[in-house]
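So you can see what is in the structure, the chains are spelled out below.
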Amino acid sequence: PIQSKIWQKVGITFSLSIISMFLAYLISIPIGIYSAYRKDSAADKGMSLVLFILYSMPSFFVGTLLLLQFANPDHLSWFPVSGIQDPTLFNPEWSLWMKLKHRMPFLILPIIAYTYGSFAFLSRIMRVGMIDVVSQDYIRTARAKGLGERKVILKHALRNSLLPIITVFSAIFPMVIGGAIIIEMIFSIPGMGLEVYTSILNYDYPMIITVFTLSGFLTMVGYLVADLLYAVVDPRISYK
């Protein structure tokens, strides 16, 4: 049985993935809205350049760069080099808040490495979706009625422009189990990504089959959640 072996690692990877997804959406949606609203302006072109650069940078390069700059005694030793806790100081009997407080410095750099590529990609999708919606007839009608620009964008245009973002969510949600193998190896995080890599090398078929099964289940859950969210954000869509 691999139950005792897998659940702790799933918890670590799941927590990192959920936090990174939340931050990615929290950052990308406002950036995408602003870029679409200021289409072809200097700010839009500047943000597009920065986002394309971020998206093109591979995770192993960014992770290594973060360690060299912010976990290096020769530069800035602000964060720990590896792991998720200090085994000499960590106490399993601590409260949840104390555990989070102890682990937070260990998780900041991995979360940045997890998040940067996602929010760059999602920002571009949000921008394209918003530009497409803003050009629709009902948006021009709302403006002709005298509604404020803020209300037109945030109330009428935003909901329908979220459909591409929701579609992407259904595809990236299964990654909360598989994890990011390269990032977990760079930062020595004992999560599912590193466990899957080790299992493949050791021909640990029960672990591999379990991970694929959970990923398949989460894929179905992701599509189901996406379908439900379609109906929430777009009143034209209903399920009877």
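Residues numbered from 1 in each chain as written. Predicted model: local features only at pLDDT ≥ 70, side-chain atom pairs only at ≥ 80, totals over all residues. Heavy atoms only, no water.

Visitor: Explain the overall build of the protein chain to me, please; I cannot follow it from the model alone.
Guide: When its secondary structure is counted, the protein chain shows 11 helices and 0 strands. Secondary structure elements of the protein chain occur, N-terminal to C-terminal, as α-α-α-α-α-α-α-α-α-α-α. Expressed as a percentage of contacts within the protein chain between residues at least 6 apart in sequence, the contacts between residues at least 24 apart total 72%. For the protein chain, the exposed area adds up to about 14000 Å²; of that, 69% sits on carbon and sulfur atoms. (Helix = DSSP H or I, 4+ residues; strand = E, 2+ residues; numbered from the N terminus. Contact = heavy atoms within 4.5 Å. Areas by Shrake-Rupley, 256 points an atom, 1.4 Å probe, with all protein chains shown as cover.)

Visitor: Looking at this structure, how should I read the packing of helix 1 (residues 3-37) against helix 2 (residues 42-56)?
Guide: Two quantities define a packed helix pair, namely the angle between the helix axes and the distance between the axes. Here helix 1 crosses helix 2 at 140°, and the two axes come no closer than 8 Å. Viewed along their axes, helix 1 and helix 2 adopt a mutual orientation that is oblique. With respect to the hand of their crossing, helix 1 and helix 2 are arranged in left-handed fashion. Facing helix 1, whose interface residues are Ile31, Tyr34 and Ser35, helix 2 presents Ala43, Asp44, Met47 and Leu51. (Axes fitted to C-alpha atoms, helices over the stretch in contact; angles between N-to-C directions. Parallel < 35°, antiparallel > 145°, perpendicular 65-115°, else oblique. Left-handed = near helix turned anticlockwise from the far one by under 90°.)

Visitor: Got a minute to help me understand the packing of aromatic side chains in this structure?
Guide: Aromatic ring pairs are reported here in terms of the distance separating the ring centres and the angle at which the planes meet. Evaluated as defined, the whole model comprises 3 aromatic pairs. Both rings, one in Phe70 and one in Trp78, keep their centres 5.8 Å apart while their planes meet at 35°; by these two values the pair is tilted. According to the relative accessible area criterion, Phe70 is partly exposed, its value standing at 27%. Ring geometry for Tyr203 versus Tyr205: centroids 6.4 Å apart, planes at 55°, classification tilted. (Phe/Tyr/Trp six-rings, centres within 6.5 Å; stacked < 30°, edge-to-face > 60°. Buried < 20%, exposed > 50% of the residue type's maximum accessible area, 1.4 Å probe, protein only.)

Visitor: Any chance you could explain helix 10 (residues 192-201) here in plain terms?
Guide: For the α-helix, the turn length of 3.6 residues means that residues three or four positions removed from each other point alike. All of the buried residues along helix 10 are Met192, Gly193, Glu195, Val196 and Ser199. Projected onto a plane normal to the axis of helix 10, the buried residues spread over an arc of 165° and lie on a single side. One or two positions beyond helix 10, positive phi appears at Tyr203, with a value near 55°. (Arc of directions from axis to C-beta.)

Visitor: Explain the nonpolar core to me, please; I cannot follow it from the model alone.
Guide: In globular proteins that are soluble, nonpolar side chains generally tend to be buried together. Grouped together as the largest cluster of nonpolar side chains are 47 residues, with contacts concentrated most on Leu16, Leu109, Met126, Met130 and Phe187. Those elements that place two or more of their residues in this core are helix 1, helix 3 (59-70), helix 4 (96-134), helix 5 (137-144), helix 6 (149-161), helix 7 (163-172) and helix 11 (205-233). Broken down by element, the residue count for this core peaks at 13 residues, all from helix 4. For Met126, the contacting residues outside a window of four places in its chain are Ser28, Ile29, Gly32, Ile33, Leu158, Ser161, Leu162 and Ile165. Ile2, Val10, Met207 and Val211 belong to the second largest nonpolar core, which has 7 residues in total. (Core = buried A, V, L, I, M, F, W, Y, C linked by side-chain atoms within 4.5 Å.)

Visitor: Would you mind showing me how to read the side chain of Ser35 here?
Guide: Take Ser35: it is sitting in helix 1. Aside from chain neighbours lying at most four places away, what touches Ser35 is Asp44, Met47 and Arg127.

Visitor: Mind showing me how you'd approach the environment of Thr115 here?
Guide: Among the secondary structure elements, Thr115 is positioned in helix 4. C-alpha of Thr115 to C-alpha of Leu163: the two residues are 48 residues apart in sequence and 21 Å apart in space.

Visitor: Looking at this structure, how should I read the packing of helix 1 against helix 4?
Guide: Between helix 1 and helix 4, the least distance of the axes is 6 Å, while the angle of their chain directions is 35°. Taken as a pair, helix 1 and helix 4 cross one another with a handedness that is right-handed. Grouping the amino acids of the contact of helix 1 with helix 4 by side-chain chemistry returns 18 nonpolar, 8 polar and 1 charged. (Nonpolar A, V, L, I, M, F, W, Y, C, P; charged D, E, K, R; others polar.)

Visitor: Explanation requested: unusual backbone geometry in the structure shown.
Guide: Trans peptide bonds make up the majority, and among non-glycine residues the majority have a negative phi. Although it is not a glycine, Ser188 sits at a positive phi angle of roughly 55°. Its place among the elements puts Ser188 in the loop between helix 9 (181-186) and helix 10. Even without a glycine there, the phi angle at Tyr203 is positive, about 55°.

Visitor: Can you help me understand the confidence of the model for the protein chain in this one?
Guide: Low pLDDT means the predicted atomic positions in that stretch should not be read closely. Summarising the model, the protein chain shows a mean pLDDT of 79, and 96% of its residues fall at 70 or more. Put simply, helix 8 (residues 175-178) is where the protein chain has its lowest mean pLDDT, 62, and helix 3 is where it has its highest, 84. (pLDDT = per-residue confidence, 0-100.)

Visitor: Can you help me understand the environment of Ile33 in this one?
Guide: Residue placement: Ile33 occurs in helix 1. According to the relative accessible area criterion, Ile33 is buried, its value standing at 13%. The sequence separation of Ile33 and Met126 amounts to 93 residues, and the corresponding C-alpha distance is 6.8 Å. When sequence neighbours within four positions are dropped, the list of residues in contact with Ile33 reads Met126, Met130, Ile153 and Leu158.

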